[in-house]
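Residues per chain, in single letters:
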Amino acid sequence: MPRTCSKGSTRLDQWPEKVKLMQENWIGKSKGLNLTFNLAGTGDGIDVFTTRPDTLFGASFVAIAADHPLAREMASNAPELQRFIEQCKKGGTTAAEIETAEKIGFNTGLSVEHPLDPSWHLPVWVANFVLMDYGTGAVFGCPAHDQRDLDFARKYNLPVTRVVAEGDNEDSDFEGDVAYTGPGRIVNSHWMNGLSVDEAKADVIAKAEAEGWGEGQTQYRLRDWGVSRQRYWGTPIPIIHCDFCGVLPVPRSQLPVTLPEDVSFDVPGNPLDRHPTWKNVPCPNCKEPARRETDTLDTFADSSWYFIRFASQPDDKPFDADEVKAWLPVGQYIGGIEHAILHLLYARFWTRALQKVGKLDFAEPFAALFTQGMVTHVTYFDKAGDGKITWYNPEEVMSDGTSAQVKGSEKRIQIGRIEKMSKSKKNVVDPDPMFDQYGADAVRWFMLSDSPPERDLEWSESGIEGTWRFVNRIWRLFDGVAQGVSTALDTNGALDKLLHRAIAGMASDIEALHFNKAVARTHELVNAIEKAAPSASRDAAIRTLPRLISPMLPHLAEEGWAALGGEGLVSSQPWPDHDPALLVDDEVTIAVQVNGKLRDTLTVPKDLDKAGLEALALASDKIIRTLDGATPKKVIVVPGRLVNIVA
RNA sequence: GCGGGCGUGGCGAAACCGGUAGACGCAACGGACUUAAAAUCCGUCGGGCUUAUGCCCUUGGGGGUUCAAGUCCCCCCGCCCGCACCA
């Protein structure tokens, strides 16, 4: 998975950089050298992974994890080491604890030969900061150029030798407590001296491979994805366990395996595991009593390909390749940032795997990704004497913003952080009363109106009243035209322009998911229509309105469309056309600045040239007054924008 | 600690490639209509000075580049997210 998903993420040019970066960090690809340090006097060795083979001459110790096989072996007849290992295991696992945890080590007394100079011996330590589940569970320490190694070396007085020059500083004695991890020339390293860090890395890897004591390797940090769960809610894994025949797949004719519905959750644990009939089945091979697998698949397994099944649902197979080809990949995926890593990475992997086995003809499931913000709300809680926290729903709380109490009681409670709405913190708001009071259109419009969708939104109902008023204003426009027989034949050029601008602008706003801007444009148009005297232009604008508001106020749009005599449904109408000629003004307002400060504005023909603009600007009363006789040193003219006079 | 992002009126926010900061909305305030209220309509609305024309300040803070900076560069502060002893 990491190999295939780290490739190709650069091609996802319509994905947020943030998400791609999070996935890359999660995959944690790093290139380096796997090498063996031979234990002095024995044939055994310790395998070590490093991304800094260039610093090999700066090595001063080798450290292994507390649960490294060698450490455990030695501990069996060394009680002191045994105690040290116990101590390491007790260390906390929270972020803060790891951050502040002191590096501790135990000198095993063993030593290893340096691969580039077998006469040079390095001590072998067991250290709490070496992780067994990454790389080989063993590292070599180069304290001058790695902060962890330096912390460790200073504590146990191990040698610290500089092997990368820091500017002009080539001293082999490294001073201070801050490791140097930047670029530089290699020094104090025999044949490598003078090379750059990158050159030296390549050099050492080549030498190790030629001499057989190591090889270049790419490591991934990504943990394995354990896809099975001991729970009911998930897809059954079609496997049967037989005491005689072992682990067998459920025969094809018995697929799919479906979950039993007569389960109870009265007892903790997986109900499948204690289901009497579902669990016990004959072995498909020897017919003796056997048992179904009672783990189910992680729900991420389903979410990794649901979009494929969504596009094609034949009865006899997971999906039809041709049908899928017609619909996928998904053009625009919209989801929360909380799925940035797991779901979106697994779905990418699933798709790649299906492509690899020839079932799909594309590698990436989602061409474009948009991560919308989360809806947040302040939390309310109360902490009991035993530290137990009780959360309160905002609806049962009275708060003035600085203090809070439970409605209908004297109970004072605390105001917590503003957090993503969640059932566990009870800071969810039920929108149903709003729907009942204002209708679905007003609530939808309200939610689209102010905040851009990529941003987190702190839920507040202030503003819904205004939305409700606006919905009513639009309805009155429809009603007015529908009731009255319009005889006005005049046109209104300004209103025509505004309408066509709204048509074009709202289309691009909506395409870009800038719904709040489309809302603002609708307000501008409606404000102007309301103020305009009756005219053919005004009627046309009102008759266009249902199509414009249909994506965001669908019910009102349909009512308006019908009231104005439209055929069928407005939702099946095409977006109105706009006249590009009406998008350009023949007059523009330009700014006139003196020394970059606005002093006047002028309304001029759109294509007035630089000389004309300059002349007009210099003739302005306000400019003459501001200049107060001074001679302009320089005049910058940006046609259609501004004139800036430098005095 | 590492990586990424954000910071604009009382509030949610606009501002295209560096070119009139605050569009649009909410709240607030003043007014009209009304016996009254609701609804509706009109107006004001970043801060300061000023009789006014107008002037000064203002996009977290400080510096810089530029004719011109919310926008570009450097430093700092604050908040948010992800990762976290990954060799």
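Read on for a plain summary of the structure. (Residues numbered from 1 in each chain as written. Chains lettered and ligands numbered in written order. Predicted model: local features only at pLDDT ≥ 70, side-chain atom pairs only at ≥ 80, totals over all residues. Heavy atoms only, no water.)

### Brief notes about the protein's contact with RNA strand B
Put simply, the rule is: Any residue with at least one heavy atom within 4 Å of a molecule or strand is counted as near it. In protein, a polar contact means a hydrogen-donor-capable atom and an acceptor-capable atom, both N or O and within 3.5 Å, with residues adjacent in sequence counting only if both atoms are side-chain atoms; elsewhere, any N or O pair within 3.5 Å suffices. Think of it this way: any DSSP run of H or I at least four residues long counts as a helix, any run of E at least two long counts as a strand, and we number them from the N terminus. When residues are grouped by polarity, Ala, Val, Leu, Ile, Met, Phe, Trp, Tyr, Cys and Pro land in nonpolar, Asp, Glu, Lys and Arg in charged, and all others, Gly among them, in polar.
Around RNA strand B, 51 residues are found, and the nearest of them are Thr 51, Arg 148, Arg 221, Lys 517 and Asn 644. A share of 65% of the atoms of RNA strand B within 4 Å of the protein falls on sugar and phosphate groups. At a separation of 2.8 Å, a phosphate oxygen of RNA strand B approaches a polar side-chain atom of Tyr 134. At a separation of 3.0 Å, a base oxygen of RNA strand B approaches a polar backbone atom of Thr 589. With six residues, helix H17 (residues 515–531) is the largest single contributor of residues to the surface near RNA strand B. The residue makeup of the surface near RNA strand B, split by class, is 19 nonpolar, 15 polar and 17 charged.

### A few points about the nonpolar core
To keep things clear, this is the line we draw: Think of a nonpolar core as a cluster: buried Ala, Val, Leu, Ile, Met, Phe, Trp, Tyr and Cys residues, connected wherever their side-chain atoms sit within 4.5 Å. When accessible area is computed with a 1.4 Å probe and restricted to protein chains, residues below 20% of their type maximum are described as buried, those above 50% as exposed, and intermediate ones as partly exposed. Throughout, a residue-residue contact means that at least one pair of heavy atoms, one from each residue, lies within 4.5 Å.
Grouped together as the largest cluster of nonpolar side chains are 56 residues, with contacts concentrated most on Phe 37 and Ile 46. Sequence-distant contacts of Ile 46, defined by excluding residues within four places in its chain, comprise Leu 35, Thr 36, Phe 37, Leu 39, Val 62, Ile 64, Leu 70, Val 112, Val 124 and Ala 138.

### Topic: the packing of H17 against helix H18 (residues 536–549)
Note the following rule: Fitted lines through C-alpha atoms serve as axes, helices being fitted only where they are in contact, and the angles separating the N-to-C directions of these axes extend from 0 to 180 degrees. These descriptions rest on fixed angle ranges, namely under 35 degrees for roughly parallel, over 145 for roughly antiparallel, 65 to 115 for roughly perpendicular, and the rest for oblique. Helix crossings are classified by the rotation of the near helix relative to the far one: an anticlockwise turn of less than a right angle makes the crossing left-handed, while a clockwise turn makes it right-handed.
Orientation of H17 relative to H18, taken along the N-to-C sense of each, is 155°, at an axis distance of 11 Å. Relative to H18, the element H17 lies roughly antiparallel. Remark: the crossing between H17 and H18 carries left-handed chirality. Note on element contacts: H18 touches H17 through Arg 538, Ala 541, Ile 542, Leu 545, Leu 548 and Ile 549, opposite Thr 522, Leu 525, Val 526, Ile 529 and Glu 530. Here the residues of the contact of H17 with H18 are counted per class, giving eight nonpolar, one polar and two charged.

### Thoughts on the environment of Ile 645
With respect to the element layout, Ile 645 can be found in strand S25 (residues 642–646). For Ile 645, a relative accessible area of 0% translates into the label buried. As a C-alpha pair, Ile 645 and Ser 572 span 73 residues in sequence and 54 Å in three-dimensional space. Those residues in contact with Ile 645 that lie beyond four places of it in its chain are Val 592, Gln 593, Val 594, Asn 595, Leu 618, Ile 623, Leu 627, Pro 632, Lys 634 and Val 635.

### Things to note about the packing of helix H15 (residues 464–483) against H18
One can describe the packing of H15 onto H18 by two numbers: an axis separation of 10 Å at closest approach and a directional angle of 130°. Considering the angle they form, H15 stands oblique to H18. Our pair here, H15 against H18, has a crossing hand that is left-handed. Every residue of H18 that contacts H15 at Ile 474, Leu 477, Phe 478 and Val 481 is listed here: Arg 538, Asp 539, Ile 542, Arg 543, Leu 545, Pro 546 and Ile 549. Here the contact of H15 with H18 is built from residues that sort into eight nonpolar, no polar and three charged.

### What to know about the pairing of strand S2 (residues 45–50)
We count it as follows: Strands qualify as paired when DSSP identifies two bridges or more between them.
Of the strand pairs in this sheet, strand S1 (residues 30–38) and S2 are connected by six bridges, and their pairing is antiparallel. Bridging from a neighbouring strand, Leu 35 pairs with Val 48 of S2. Between the end of S1 and the start of S2, which pair antiparallel, lie six residues, with Gly 41 showing a positive phi angle near 85°.

### A few points about the side chain of Thr 522
Looking at where Thr 522 falls in the secondary structure, it is placed in helix H17. Filtering out sequence-adjacent residues up to four positions away, Thr 522 remains in contact with Trp 445, Phe 470, Met 506, Ile 549 and Met 552.

### Comments concerning the pattern of salt bridges
Operational definition: By definition here, a salt bridge exists when the distance from a side-chain nitrogen of Lys or Arg to a carboxyl oxygen of Asp or Glu is within 4 Å.
For the structure shown, the criterion picks out 21 salt bridges. Here Lys 420 ties to Glu 338 by a salt bridge, and the two come within 3.6 Å at their closest N and O atoms. With Lys 420 in strand S20 (residues 412–420) and Glu 338 in the loop between strand S14 (330–336) and helix H12 (342–356), this residue pair connects regions lying 82 residues apart in the sequence. Owing to a relative accessible area of 39%, Lys 420 belongs among the partly exposed residues under this scheme.

### Considering the sheet that holds strand S6 (residues 138–141)
Taken together, four strands build an open sheet; the order of strands is S4-S5-S3-S6 and the sheet is mixed. Sheet topology places strand S4 (105–114) and S6 at the edges, where each strand pairs with a single neighbour. Taking the axes of each pair of neighbouring strands and ignoring which way they run, one obtains an average angle of 30° across the sheet. With respect to the sheet, helix H4 (residues 79–90) is in contact with S4 and strand S5 (117–127), its orientation differing from that of S4 by roughly 105°.

### So, the packing of aromatic side chains
Spelled out, the test is: Pairs were defined over the aromatic rings of Phe, Tyr and Trp, the Trp ring being its six-membered one, requiring ring centres within 6.5 Å. Orientation was assigned from the angle between planes: stacked under 30 degrees, edge-to-face over 60, tilted for the rest. Two limits define a charge over a ring: the Lys NZ or Arg CZ must be within 6 Å of the ring centre, and within 35 degrees of the ring normal.
Counted according to the given criterion, the structure contains 20 aromatic pairs. Measuring from centroid to centroid gives 5.6 Å for Tyr 306 and Phe 307, while their planes differ by 85°, and the two rings are edge-to-face. Residue classification places Phe 307 among the buried positions, given a relative accessible area of 5%. With a centroid separation of 4.8 Å and 65° between ring planes, the pair formed by Phe 307 and Phe 366 is classed as edge-to-face. Placement of Phe 307 in helix H10 (residues 306–311) and of Phe 366 in strand S15 (residues 366–372) is noted, with a sequence separation of 59 residues between them. Both residues of the pair, Phe 307 and Phe 366, count as buried. Chaining the aromatic ring pairs together yields one cluster made of Phe 61, Trp 125, Phe 129, Phe 152 and Tyr 156. The side chain of Lys 207 reaches across the aromatic face of Trp 191, ending 4.9 Å from its centre. Sitting over the ring of Trp 278, Arg 292 keeps its end group 5.3 Å from the ring centre.

These results come straight from atomic positions and should not be treated as a statement about function.
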